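Structural characterization, general
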Amino acid sequence: MNSEKTNNRQPQLPELLAPCGSREAIDAAITGGADAVYFGGTMLNARMNAKNFGREELSSAITECHSAGVKAYITLNTQVYDRELKNALEYVGFLRSAGADALIVADVGLAGLIKKHFPDTELHASTQMTIHNTAGANRLYEYGFSRIVAARELSAENIRTICAGSKAETELFVHGAICVSCSGQCLMSAMLGGRSGNRGRCAQPCRLPYEAYDKDNHRMGEPGDRYPLSPKDMCTVELLPEIVKSGIMSLKIEGRMKKPEYTAGVVSIYRKYLDLYEKKPSRFHVLPEDMKKLYELYNRDGFNKSYYTVRNGRDMMALKNEKEQENKKKQRRNEQLFYEIQRDYIETEAKEPISGFLTLYPGQPAFLSAESGKYSVTAEAGMVEPAKKQPLTEERVKTQLKKTGETPFYFKELDVCMDDNCFVPMQTLNELRRGVSDQLVKEMTEPYRRKAAEKPEQEAKASGKPDQESRAEKKMELTASAETRAQWNALLEIPEITTIYAGMGCFKREIFEEQAEKGILQAKELGKQVYLMLPHVVREGDLKEYRDTFRCLKEIGLGGFLIRNLESFSFLKEMGMEKDIRLDYSVYTYNSRAQAFWQEQGVQRDTVPYELNEREIGKRDNTNSEMVVYGYLPMMVSAQCVQKNLNGCNHSYSLVRLKDRMGKYFPVKSYCTSCYSVIYNSLPLGLVKEADEIRSMHPAAVRLNFTIETLEETKEIAAAFAGTYCKGIAVPAEQEYTKGHFRRKVE
């Protein structure tokens, strides 16, 4: 049985994009009706635990996709180290020659190199780039990305706004697992076990059980609420009309780690309802039996509809982990459903229909023409002879030609014009069939294959580190950040601190400009600069109310801004303030090309990424970088709120704690103004004995980050680190610290 794959759909219907972690999944996606697939190789892939593809397999898989009229997007969606850039560029050259339609990229340094050496390469911005609004999307378009994979934490209104205002195409996840963290903003797996999500090795510690406690140490939530960080899977098939109308160009299904049956089943159901909506939008309705199939293919305590209709909430979470209970009871999956999927999609070859015309006349070569869509090819073989015994029949000829075997085609129509008394060997017919098949494959795939540039690796790395003399001229500063008014007041008393990064919460929102102005002038009298720390998450319009305020504060002496995302950069650049920006850790600069990229944008400094170790930091040019040496490091930024989901929203900044199986407590702080939360490590980073090593790395500044500390704690810790880093005084550490990744490499 052949499954016909057609792509003659209206242009307004979005692309259906399927996940493939194996060759079997690609076959399943094509047969199920995907318009495009995405998969990764053995490097720079955010799903390194999937089967993935070697080079030969990649090339073959891309050819298969193109022969079926399906696009192939390749994932390069991790952060990239300097030592990997040379091989990464060579790999990109290979992917281009193999015919990849687009590359999904997360690292701005790598993206810049690709655009420099391979300017016609189509780049898609990975969801790891955490795009939450139109300004961020348009900024990436300017940097060479033709499509952005939007952050999952967007409402239907946010999505419509981005689609209407973005110059880039918008791709959106519509089904599958949801990270509780904002994509690209999770260090939890790396912090706890050394396996980095930014490097494709996430161990999913968020799916483990935790107990939650409020500020009074009372257990939070209902009995059985053991999984406060585990969201249900999303399923938006019932929302397809609204999503299609929003202007989304591509509907992305999650699941490269899942089995081919999942891929085929989910893709086929979404294909069914996209086609139904296209043909009869007024009659769109999802049948209960199809919802049941999706549920039985995979779910976590049921489904949610992602963030389309809600900002966050308890109903989005798999707090009980009913699947775990089902596994304990040894409840089996729906074998009949999986049998039907295997029969209809897995064991069925996805072949393209072609039309053929064969002519057989004695004294002339056997001639076969074939057409598939806009492609038309011909083949000749052998010489037709008069039959000496039994002449060939039309039926026999058709039977032989239709044995298309492992070719990606089947004859939907085959016309034969032949003499009644002729003969050719079956080998000749086989040769004709192979000839038109090979030519069609070449015609369909050759336009995608591109030549690589010559020796791009020579420019893979940015200019090297400055010499020792020029670095020694710069004195290392001590800076500190505060998120509360009490911390702000404590830091003002530490003379060695030259710059204070003030969180928006340091000043009351109702009188923000007035309080901030007084604070800036107060700090100025003490010889300190003030920078405002902007939010971790900036949705559409979040900073609009501060436009005039920021201008006024700059005029009276505000030093600038510490930003955590591309949206904040875009907002400030539009105001002409890009040269007043410093980047926090979450605007990643894992490699020298990423550093150079941001310096070209005009920013003052970056922050050394938390996942780099001493060796990697030592090889880095840190003269325009700050290095955090103290603070509770953020393990995750999330649109979910533990306080709200377990005890209800209290509409104020709250601090709760999560207790893991080992008895460790992790602070969770809610930032209500921007409606997100941050989970911090159980112990603060404290690089005290390492001060001399860090000085030898020549950062522009070392920073102390204060988040949950009291006034007295802030004052005591800041004074101790000031003594160590500014006066060389060895201060005994009374508090237990972690070294973070300074001594430990991440996978």
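Before any of the text, the structure's been laid out above.
Here's a quick rundown of the structure.

Moving on to the overall build of the protein chain. Helix and strand counts for the protein chain stand at 24 helices and 32 strands. Summarising its shape, the C-alpha atoms of the protein chain cover approximately 110 × 60 × 45 Å along the three principal directions. A fraction of 73% describes how many contacts in the protein chain between residues 6 or more apart in sequence connect residues 24 or more apart. Surface exposure of the protein chain reaches about 31400 Å², of which carbon and sulfur atoms provide 47%. For the protein chain, the distance from the average site of its 105 positive side-chain charges to the average site of its 103 negative ones is 2 Å.

Here we come to the pattern of salt bridges. Scanning the model with the defined rule gives 45 salt bridges in all. Where Glu 90 meets Arg 55, a salt bridge forms, and the shortest distance between an N and an O atom there is 2.7 Å. Of the two residues, Glu 90 is situated in helix H3 (residues 82-98) and Arg 55 in helix H2 (residues 55-67); the sequence distance between them amounts to 35 residues. With a relative accessible area of 39%, Glu 90 lands in the partly exposed category. Of the charged contacts, one joins Glu 254 and Lys 258 as a salt bridge, the two residues approaching to 3.1 Å between their closest N and O atoms. Each member of the pair, Glu 254 as well as Lys 258, carries the same accessibility label: buried. Via salt bridges that share partners, Glu 477, Arg 564, Arg 582, Asp 584, Arg 605, Glu 626 and Arg 703 belong to a single interconnected network.

Now for the sheet that holds strand E10 (residues 211-213). Sheets are built from strands paired through backbone hydrogen bonds, the pairs being either parallel or antiparallel. With respect to topology, 6 strands assemble into an open sheet ordered E9-E27-E30-E29-E28-E10, the strand pairing being antiparallel. This sheet does not close on itself; its edge strands, each paired only once, are strand E9 (181-186) and E10. Averaged over all pairs of adjacent strands, the angle between strand axes in this sheet comes to 25°, irrespective of strand direction. Bridge count between strand E28 (residues 655-659) and strand E29 (residues 665-671): 5 bridges; the pairing is antiparallel. Paired with Leu 658 across the two strands is Phe 666, which belongs to E29.

Further remarks concern helix H17 (residues 512-525). Between the first and last C-alpha of H17 there are 20 Å, a value that for 14 residues agrees with the 20 Å anticipated at 1.5 Å per step. Looking at the packing, one finds that the buried side of H17 touches helix H16 (485-492), strand E22 (529-533) and helix H18 (547-555). A positive phi of about 80° marks Gly 527, the residue just after H17.

For soluble globular proteins, nonpolar side chains are generally found buried alongside one another. Counting 187 residues, the largest nonpolar core has Phe 39, Leu 103, Trp 488 and Phe 550 as the members making the most contacts within it. No other element matches helix H9 (residues 260-279), which puts 9 residues into this core. When residues no more than four places from it in sequence are discounted, the contact partners of Leu 103 are Ile 74, Leu 76, Val 92, Leu 95, Ile 114, Thr 121, Glu 122, Leu 123 and His 124. The next biggest cluster of nonpolar side chains, apart from the first, holds 27 residues, and it includes Ala 381, Leu 414, Leu 429 and Leu 440.

To continue, consider the packing of aromatic side chains. As enumerated under the stated definition, the model contains 26 aromatic pairs in all. Here the aromatic rings of Phe 39 and Phe 53 are separated by 4.8 Å at their centres, their planes lie at 55°, and the arrangement is tilted. Placement of the pair is Phe 39 in strand E3 (residues 36-40) and Phe 53 in the loop between E3 and H2, with a sequence separation of 14 residues. Comparing Phe 39 with Phe 53 shows no difference in burial state: the two are buried. Ring geometry for Tyr 295 and Phe 303: centres 6.2 Å apart, planes at 90°, overall edge-to-face. Pairwise contacts between aromatic rings join Trp 488, Phe 507, Phe 512, Tyr 546, Phe 550, Phe 561 and Phe 571 into one cluster. Positioned above the aromatic ring of Phe 94 is the side chain of Arg 55, whose terminal nitrogen or guanidinium carbon lies 5.0 Å from the ring centre.

Now for the packing of helix H13 (residues 394-401) against helix H14 (residues 426-445). Here H13 crosses H14 at 50°, and the two axes come no closer than 9 Å. One way to sum up the angle between H13 and H14 is to call them oblique. The interaxial crossing formed by H13 with H14 has right-handed handedness. The segment H13 lies against H14, with Arg 396, Val 397, Gln 400 and Leu 401 engaging Met 426, Leu 429, Asn 430 and Arg 433. Its residues assigned to classes, the contact of H13 with H14 comprises 4 nonpolar, 2 polar and 2 charged.

Turning our eyes to something else, we now look at the pairing of strand E8 (residues 169-176). In terms of burial, E8 is a largely internal element, 7 of the 8 residues being buried. Where strand E7 (residues 145-149) meets E8, 3 bridges bridge the pair, whose relative direction is parallel. Residue pairing across strands places Arg 147 opposite Glu 169, the latter belonging to E8. Examined bridge by bridge, E8 and strand E12 (residues 250-253) share 4 bridges and lie parallel to one another. Considered in E12, the bridge of His 175 is made with Ile 253.

What follows concerns the packing of H9 against helix H10 (residues 288-297). Packing of H9 against H10 brings their axes to within 10 Å, and their N-to-C directions diverge by 155°. In this view, H9 runs roughly antiparallel relative to H10, as classed from their interaxial angle. By crossing handedness, the relation of H9 to H10 is classed as left-handed. Of the residues in H10, those in contact with Glu 261, Tyr 262, Gly 265, Val 266, Ile 269, Tyr 270, Lys 272 and Tyr 273 of H9 are Asp 290, Lys 293, Leu 294 and Leu 297. Across the contact of H9 with H10, the residue classes tally to 7 nonpolar, 1 polar and 4 charged.

This part covers H14. Counted at 1.5 Å a residue, the expected span for H14 with its 20 residues is 28 Å, and the 29 Å between its end C-alpha atoms agrees. Contacts made by the buried residues of H14 are with H2, strand E14 (349-360), strand E15 (366-372), strand E16 (375-381), H13 and strand E18 (409-418).

With that settled, the discussion passes to the state of the cysteines. One pass over the full model with this rule turns up 0 disulfides. No disulfide involves Cys 186; its sulfur sits 6.0 Å from the nearest other cysteine sulfur, which is in Cys 202. Cys 206 provides the cysteine sulfur closest to Cys 202, a residue in no disulfide bond, and the two sulfurs are 5.8 Å apart.

How each quantity is defined
- Residues numbered from 1 in each chain as written.
- Predicted model: local features only at pLDDT ≥ 70, side-chain atom pairs only at ≥ 80, totals over all residues.
- Heavy atoms only, no water.
- Helix = DSSP H or I, 4+ residues; strand = E, 2+ residues; numbered from the N terminus.
- Contact = heavy atoms within 4.5 Å.
- Areas by Shrake-Rupley, 256 points an atom, 1.4 Å probe, with all protein chains shown as cover.
- Lys, Arg positive; Asp, Glu negative; His and termini not counted.
- Charge placed at Lys NZ, Arg CZ, Asp CG, Glu CD.
- Salt bridge = Lys/Arg side-chain N within 4 Å of Asp/Glu carboxyl O.
- Buried < 20%, exposed > 50% of the residue type's maximum accessible area, 1.4 Å probe, protein only.
- Pairing = 2+ DSSP bridges.
- Axes fitted to C-alpha atoms, helices over the stretch in contact; angles between N-to-C directions.
- Expected span 1.5 Å × (residues − 1).
- Core = buried A, V, L, I, M, F, W, Y, C linked by side-chain atoms within 4.5 Å.
- Phe/Tyr/Trp six-rings, centres within 6.5 Å; stacked < 30°, edge-to-face > 60°.
- Lys NZ or Arg CZ within 6 Å of the ring centre and 35° of its normal.
- Parallel < 35°, antiparallel > 145°, perpendicular 65-115°, else oblique.
- Left-handed = near helix turned anticlockwise from the far one by under 90°.
- Nonpolar A, V, L, I, M, F, W, Y, C, P; charged D, E, K, R; others polar.
- Disulfide = S-S within 2.5 Å.

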